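Architecture and fold: a report
Each chain, written out:
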Amino acid sequence: MVEPVSTYENTAENEALLRDLLQRIKPVSDTLRKAATHRLDNLTKPIGSLGKLEELAVRICCIQNKTLNITTDPLRIYAIAGDHGVNEEGVSVFTQDVTRQMVQNFCDGGAGINVLANTAGAELCVVDLASKGGSYPTHPTLIQCKIAQGTNNIAKAPAMNREMCLRALLIGAALANKALAEGCPAIGTGEMGVSNTTPSTALYCAYLNLLPQDITGAGGGLDPEGVTRKTSVIERALSLHSATIESEDPIDILAALGGYEIAALAGLILGGAANNQLVLLDGFIATAAYTAAWKLCPTVKDYAFFSHASAEAGHKQILAKLDIDALHDLGLRLGEGSGVPLALFLMRCACNTYNQMTTYSDADVEPPENL
């Protein structure tokens, strides 16, 4: 069994820990950009011919602060689980029991993320942070650090208080630290929480001044009537928490409208950025967590790689609002971290072409005239 991370019970200390974490996140240095670009231009190919793979390679060089032997491996995906009180409003076709059942499915190796992670050679680590019910049977890939039995219903009350939100953020950062200590230069975001597209949508509206009717989608499979109901629930939540939204405090907004797994993923993103790790993001819910992290520290953008544009309604609009280009657009809307293994393959290709292709001089090939 993997040892659980600390649950961070001292509120004043947690505020200080978060401030320290944010201060450790620095913009990536551009000093290596020129050297990395020079190497790419001298590889045996037309200049710029590998397109976005070259852009990825340069970004990875700058994050890892080196111009040779850049890498994405090993990569660990954390699939973090939490339940949502707003499920009682009929915003999902699934009951909350499914969160728990899917956590067990992750541990048993039967979910989509298991297959995709195995195919790509990525490690999957499952984290129970706030699913309803007691402990799970011990499992080598499962971290049990439950701090709550899900959130409150955001249409009736804050999802959590600030203290609990801070705990979730710091647990996420500790997971990034754990991955780094165990040799992972890259981490990926995964989640499991029935109804979590509802708080995610509410967070987008609060953080980015978007309208629920423009970005609310079907989630796990709602029909049009269900989407209308879900939109109304989100509107009620935004109205209820309007004073908090107007305060523009990123933590208080996350506490009012978010989820424990979303907060932990935001902390994971912040921790990865502080550690100079590559942070590979999944789709709709992961981008909501990123948006919270970005509001706390805009510099996290330097470290974030967005695996795909989700088919969930509004995600492409949200990415455009955040000025983000996703690596894939395959109509995915599974969640769980499923886009991360697909992005990993592209990023691995970027690293390997950068590391392993020969230069013109090494290959005794005549370079282009403009080199």
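The notes below deal with the structure included here. In this text, all values refer to a predicted model and were calculated from it rather than measured experimentally.

1. Observations regarding helix α4 (residues 97-108)
- Here α4 is 12 residues long and its end C-alpha atoms lie 17 Å apart, about the 16 Å a rise of 1.5 Å per residue gives.
- The secondary structure elements touched by the buried residues of α4 are β1 (75-82), α5 (112-120), β2 (123-130), β3 (142-144) and β4 (186-192).

2. What about the pairing of β2?
- A large share of β2 lies buried, amounting to 7 of its 8 residues.
- As defined by bridge partners, β1 adjoins β2 across 7 bridges and the pair is classed as parallel. The residue bridging Y78 from the neighbouring strand is C125, located in β2.
- Pairing between β2 and β3: 3 bridges, direction parallel. Residue pairing in the sheet places V126 in a bridge with L142 of β3.

3. Focus: the packing of helix α3 (residues 51-64) against helix α15 (residues 339-356)
- Between α3 and α15, whose axes approach to 8 Å, the crossing angle comes to 80°. Classed by the angle they form, the pair α3 and α15 counts as roughly perpendicular. Residues L53, L56, A57, I60 and C61 of α3 lie in contact with α15, whose contacting residues are L346, M347, C349, A350, C351 and Y354.
- Considering only residue class, the contact of α3 with α15 consists of 11 nonpolar, no polar and no charged.

4. A few points about the pairing of strand β5 (residues 278-281)
- Burial of β5 is two-sided: the residues L278 and L280 facing one way and the residues V279 and L281 facing the other way are all buried.
- By the bridge criterion, 3 bridges tie β5 to strand β6 (residues 304-306) in an arrangement that is parallel. Following the sheet pairing, L281 is matched in β6 by F306.
- Read from β5 through helix α13 (residues 284-296) to β6, the crossover connection turns out right-handed.

5. Comments concerning α5
- Of the positions making up α5, those classed as buried are I113, N114, A117 and A120. The arc enclosing the buried residues of α5, seen along the axis, measures out at 140°, which places them on a common side. Turned more than 90 degrees off the buried face of α5, the exposed positions are N118 and T119.
- Of the residues one or two after α5, G121 is the one with positive phi, at around 75°.

6. What about the packing of aromatic side chains?
- Scanning the model with the defined rule gives 2 aromatic pairs in all.
- Taking the centre distance of 5.1 Å and the plane angle of 70° together, the rings of Y204 and F284 count as edge-to-face. Of the two residues, Y204 sits in helix α7 (residues 197-208) while F284 sits in helix α13, which places them 80 residues apart along the sequence.
- Relative accessible area serves as the criterion here: at 4%, F284 is assigned to the buried category.
- Note on Y290 and F306: the rings are 4.8 Å apart at their centroids and 85° apart in plane angle, and the pair reads as edge-to-face.

7. A word on the sheet that holds β5
- Judged by pairing direction, the sheet is parallel, and its 6 strands sit side by side in the order β3-β2-β1-β4-β5-β6 without closing on themselves. Edge positions in the sheet fall to β3 and β6, since each has one partner strand and no second. Taking the axes of each pair of neighbouring strands and ignoring which way they run, one obtains an average angle of 25° across the sheet.
- By the bridge criterion, 3 bridges tie β4 to β5 in an arrangement that is parallel. By the bridge assignment, A186 is partnered in β5 with L278.
- Across the face of the sheet, helix α12 (residues 260-274) comes into contact with β1, β2, β4 and β5 while running at roughly 175° to β4.

8. Let's talk about the side chain of H241
- In this fold, H241 is placed in the loop between α9 (224-240) and α10 (242-247).
- Given the relative accessible area of 5%, H241 is considered buried.
- Within the structure, H241 has its side chain in polar contact with the backbone oxygen of I154 (distance 2.9 Å).
- Excluding residues within four positions of it along the chain, H241 makes contact with I154, A157, P158, A256 and L257.

9. Here's the deal with the environment of T95
- Tracing the backbone through its elements, the reader meets T95 in the loop between β1 and α4.
- Looking at T95, the relative accessible area reads 46%, which means it is partly exposed.
- Between the alpha carbons of T95 and S195 there is a distance of 8.7 Å; along the sequence they are 100 residues apart.
- Among residues more than four places away in sequence, those in contact with T95 are N87 and V194.

What counts and what doesn't
Residues numbered from 1 in each chain as written. Predicted model: local features only at pLDDT ≥ 70, side-chain atom pairs only at ≥ 80, totals over all residues. Heavy atoms only, no water. Helix = DSSP H or I, 4+ residues; strand = E, 2+ residues; numbered from the N terminus. Expected span 1.5 Å × (residues − 1). Contact = heavy atoms within 4.5 Å. Buried < 20%, exposed > 50% of the residue type's maximum accessible area, 1.4 Å probe, protein only. Pairing = 2+ DSSP bridges. Axes fitted to C-alpha atoms, helices over the stretch in contact; angles between N-to-C directions. Parallel < 35°, antiparallel > 145°, perpendicular 65-115°, else oblique. Nonpolar A, V, L, I, M, F, W, Y, C, P; charged D, E, K, R; others polar. Right-handed = clockwise from strand over helix to strand, strands pointing away. Arc of directions from axis to C-beta. Phe/Tyr/Trp six-rings, centres within 6.5 Å; stacked < 30°, edge-to-face > 60°. Polar contact = N/O pair within 3.5 Å; in protein donor to acceptor, adjacent residues only side chain to side chain.

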